[in-house]
Structure formats: structure tokens, C-alpha cells
Amino acid sequence: MATDLTAPRTAARPDVASIQRRTLRLLFTTQIIGGIGVTIGIAVGALLAARIAGTAVAGVAQSAGVVGAALLAVPVTRIMARHGRRPGLVLAYAIGAVGGVLVVLAAATRWVPLLFLGMLLFGGGTAANLQARYTAVDLAEPARRGRQLSLIVWATTIGAVAAPNFAALADRVTTGWGLPPLAGPFAFSAAAFVLAAVVLLGLLRPDPLLTARRLAAAGPPLAADAPATAVAAQTPAAAPVKVRAPRAAGMRTAWSVVRGRPAARLGIAAVAVGHLVMVAVMAMTPVRLGESHADADVLRLVGIVLSLHIAGMYAFSPVVGWLTDRFGRRAVILGGVGLLLAACAVAGTAGHHTPRLSVGLVLLGLGWSGTMVAGSTLLSESVPAGVRPSVQGFSDLIMGLAGAAAAVVSGFVMQFAGYPVLTLLAAVAAVPLVALALRPVPTGAPDEEG
């Protein structure tokens, strides 16, 4: 399969800056919608699983959503590599919506296998939100990649911070409709994913990835703010330029590209380790709160604590993006690891003191933001444009599997050793990244390669 992107050289070429601004505005909007959908489900997923299948299995069920996001990154990025960002994002949100409906059915029937399947597909919403950050840099100029990627990460703040507090409202409303307790938030999630998919399907035109390929093939690369007249004037009249979307590289090809690039390996490691530590601690925090508070207060406290945590993840990402562009990717990765270690220390020693636990979760979110923004930016600029979607999908696969492993283990550690031991093990897992980040690596942008 190949997508024909034929375009005459004599035709007026698109204004890259205009397309990029429009793409960023659209992604900003859909990230808010998708963030609401993902976060409402995360806020109650562990509690729902614990009530259906037990505390130890709660981590496994929560990890199913992480595994789903990881596995879905593979077909989604293959579709993007062949047909552009729009169909891949739409498909991911649609799968997430189906997963939300299945979780509701599982809560009604108390059928654990259906719960796992629903959580697995629910990860489609997370996969779409994660891939949106890469969509934001397809047409970004190199000096602003960190800031523009972080802007889309930050957009999730608006919906995600408020979403956990909507969980109790959604639960009350849908209980009146006959749905079982804790199922209503997933119904709202499914509706949010459908809305995000419809908006992207209708408005993400032209596709930023296909546009970037067309411009790269039609002439020398220009800055992202170059006007159409400058681009057209640079290219002499000639035969039409015919660009065929490359065959989607598989995970083996992506790994062979990453293996020879130390900067790309560091980017993937930063994203994966930061996500592993964050998921391990965050996934069991609602269960920790449930140990010391009555059912009537748990959802309210979970909403407050997770809202603060998600604010740490997303609210300061524009600052993290600016620091990434200003001081370098590696420095911000190291800062993110330091914050993750501090978060584990604070949360692990908080006992049942909810305010101190909240501080730990905020630090956890800030550390995740540092490793995610700087790592994703470093990865995107360290591999050739032709294989970039596949390498980005490979990174999200590794990140998701790392988070899934953390979620599975966290449930058992929580039950048999407790929350303090869980945070200690999470901190130990972050230490090797420090050594990797301290090794000097080249950070060029080989867009002209491959």
C-alpha cells in the first residue's frame, strides 16, 4: 500500500506556519477532551477492579490499560506511517471508546475477563493522547520542538486535572440510570473518546505528517515559519514531485535504528523509566487512600490527590519544554529523575497523612513531565524522518510495557509488603537512568538521513 502525494512544483505550496498553528490548536482541543476520558477511567479503575476481583488483581487490571496503550501503539503508528496521523489517532480513540463500554458491561456482570478486555482496549485513548505529542512536532522548527511538544502535553492538564473530581458526579448520575457503582465514569470516558475521534476525523486537514513528507521531497527543508511564497520561490518549475509514503517499518527495524543511536536510546530509556516509576506509585495511591478512609470519602480524596498529581504531570510542561530547548535534553532528564526520587521518598514516608502524600504525588508528576518531554524531544530529533513514526511507536510500546509491568507488580507489592516498600522499589528502578543520562551523547537531528 502506498499513498500518492503528487504535487506540482509550480503550485503554491502551503504556508507551513499556518498549518502548524492550526494543527496545534486542534490537538490542544482534542487533548483536553481525551484527557478527560483517560483520567476519569484511571481515577476509578483500580477501585473498580479491587471490588470486582480483589486488591492483588487490581494492579493487573490497571496494567491491562497500560498494556493496551503499548500494544495499540504498534498498529496505530503503522497506519500513521502509511496514511498519516489523522487515521491513526481516530482509530486509537475509537478503540478506547469500545473499551470504556466493555468496562461498563463488566461492572454490571462482574465478569473479570470482560473487565480485563475492556481495560486493554481502553488503553486506546492513552495511545492517542501519547501519539498526539509527536504529531505536534511533525512541522515544528528544531529550535521550538521541545516547547511545541510540551504545549500538547500541557493541554491535557485542563481536562485531566478536573476529571478525577468529575468521577464522583458521573458515578452519581449513572447510578440513577441503573449502572453499578464506579461504572459511570467509564461511560463518560467512552463518550469523550468518540467526540475526540469525530473532531480529528473532520478537522485534521491537511495531515501534518504527509505535509512534512511532501515538503521534504519537493525541496530543501525550510524553517517552520517560512511563508508559502518563500518556499515556492526556492523551487524551480519542473515535473511534478511524486512522493510515496514509505512502507511502515516494523518494530525490528525501529530497534535496529535506535540501537545505533545513543541519543535515541537515552530518549527511550528516559520515557520508559519515568513512566514505570510514575505508574508504580500512582496506580496504588487510590488503594492506599482506601485503607484509611471511609467509602463515602474515598472518591473525593482520590479526586483531590490525583488532580494534584496530574497537575504536576502536565501543568508545568510548557516550562519543562522551555528548559528542554534552553538547557538541553539531557539536563532536563536528570532533573526529572531527581524529582522522581524525591517523590518516592516523600510519598513512601507519608504514612496516612494525606497532605504529605499529595506533595509526593505532585513531585511524581513533575518528574514524569521532565523525563517525558525531554526524552520524547530527544528521540524525535535523533532518528531519520522516514522511520520516525515507527521509532516513536516502538518507544511508546516500551514505555507501555514498562508501565504495565510496574502496575502488575505494584498490586502484589502493595498487598504483601505495603506502600512504603513499593515506593522504595520504584526509586531503585530510577537510579540506572542517572548513569545513562550522564554519558555524553550526540543530539543532532538527522532529518536528511534515510
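This text goes with the structure placed above it.
Since this is a predicted model, take the numbers as computed values, not measurements.

### Regarding a nonpolar patch on the surface
Step number 1: Nonpolar side chains collect at one region of the surface, where Leu169, Val173, Trp177 and Phe188 lie side by side and expose about 410 Å² of accessible area between them.
Step number 2: Structurally, phenylalanine 188 can be placed in helix α6 (residues 184-203).
Step number 3: For phenylalanine 188, a relative accessible area of 37% corresponds to the partly exposed category.

### Things to note about helix α12 (residues 317-327)
Step number 1: Within α12, the full set of buried residues consists of Ser317, Val320, Gly321, Thr324 and Asp325. Burial along α12 is one-sided: seen end-on, the buried residues are contained in an arc of 135°.
Step number 2: Among the residues trailing α12, glycine 328 stands out with phi positive, at a value near 105°.

### Quick word on the side chain of serine 189
Step number 1: With respect to the helices and strands, the residue serine 189 is situated in helix α6.
Step number 2: Sequence-distant contacts of serine 189, that is, excluding residues within four places in its chain, are made with Gly37, Ile40, Gly41 and Phe122.

### Concerning the nonpolar core
Step number 1: Of all hydrophobic cores here, the largest spans 103 residues; its most connected members are Leu115 and Leu364.
Step number 2: When residues of this core are assigned to their parent elements, the largest contribution, 16 residues, is made by helix α10 (residues 262-292).
Step number 3: Counting 13 residues, the second largest nonpolar core, distinct from the first, contains Ala70, Val257, Leu379 and Val391.

### As for the packing of helix α1 (residues 16-53) against helix α4 (residues 112-135)
The description of two packed helices rests on the angle between their axes and on the distance between the axes.
Step number 1: The interhelical angle for the contact between α1 and α4, taken along N-to-C directions, is 155°, at an axis separation of 9 Å. Our classification of the angle between α1 and α4 gives roughly antiparallel. Helix-helix and strand crossings are classified by hand; for α1 and α4 the assignment is left-handed. Contact with α1, carried on its side by Thr23, Leu27, Gln31, Gly34, Gly35, Gly37, Val38, Gly41, Leu48, Ala49, Ile52 and Ala53, involves Val112, Leu115, Phe122, Gly125, Thr126, Ala128, Asn129, Ala132 and Thr135 of α4 and no other residues of that element.
Step number 2: Grouping the amino acids of the contact of α1 with α4 by side-chain chemistry returns eleven nonpolar, ten polar and no charged.

Rules used in this analysis
Residues numbered from 1 in each chain as written. Predicted model: local features only at pLDDT ≥ 70, side-chain atom pairs only at ≥ 80, totals over all residues. Heavy atoms only, no water. Patch = residues over 30% accessible without salt bridge, like charges linked within 9 Å, V, L, I, M, F, W, Y side chains within 5 Å. Areas by Shrake-Rupley, 256 points an atom, 1.4 Å probe, with all protein chains shown as cover. Salt bridge = Lys/Arg side-chain N within 4 Å of Asp/Glu carboxyl O. Helix = DSSP H or I, 4+ residues; strand = E, 2+ residues; numbered from the N terminus. Buried < 20%, exposed > 50% of the residue type's maximum accessible area, 1.4 Å probe, protein only. Arc of directions from axis to C-beta. Contact = heavy atoms within 4.5 Å. Core = buried A, V, L, I, M, F, W, Y, C linked by side-chain atoms within 4.5 Å. Axes fitted to C-alpha atoms, helices over the stretch in contact; angles between N-to-C directions. Parallel < 35°, antiparallel > 145°, perpendicular 65-115°, else oblique. Left-handed = near helix turned anticlockwise from the far one by under 90°. Nonpolar A, V, L, I, M, F, W, Y, C, P; charged D, E, K, R; others polar.

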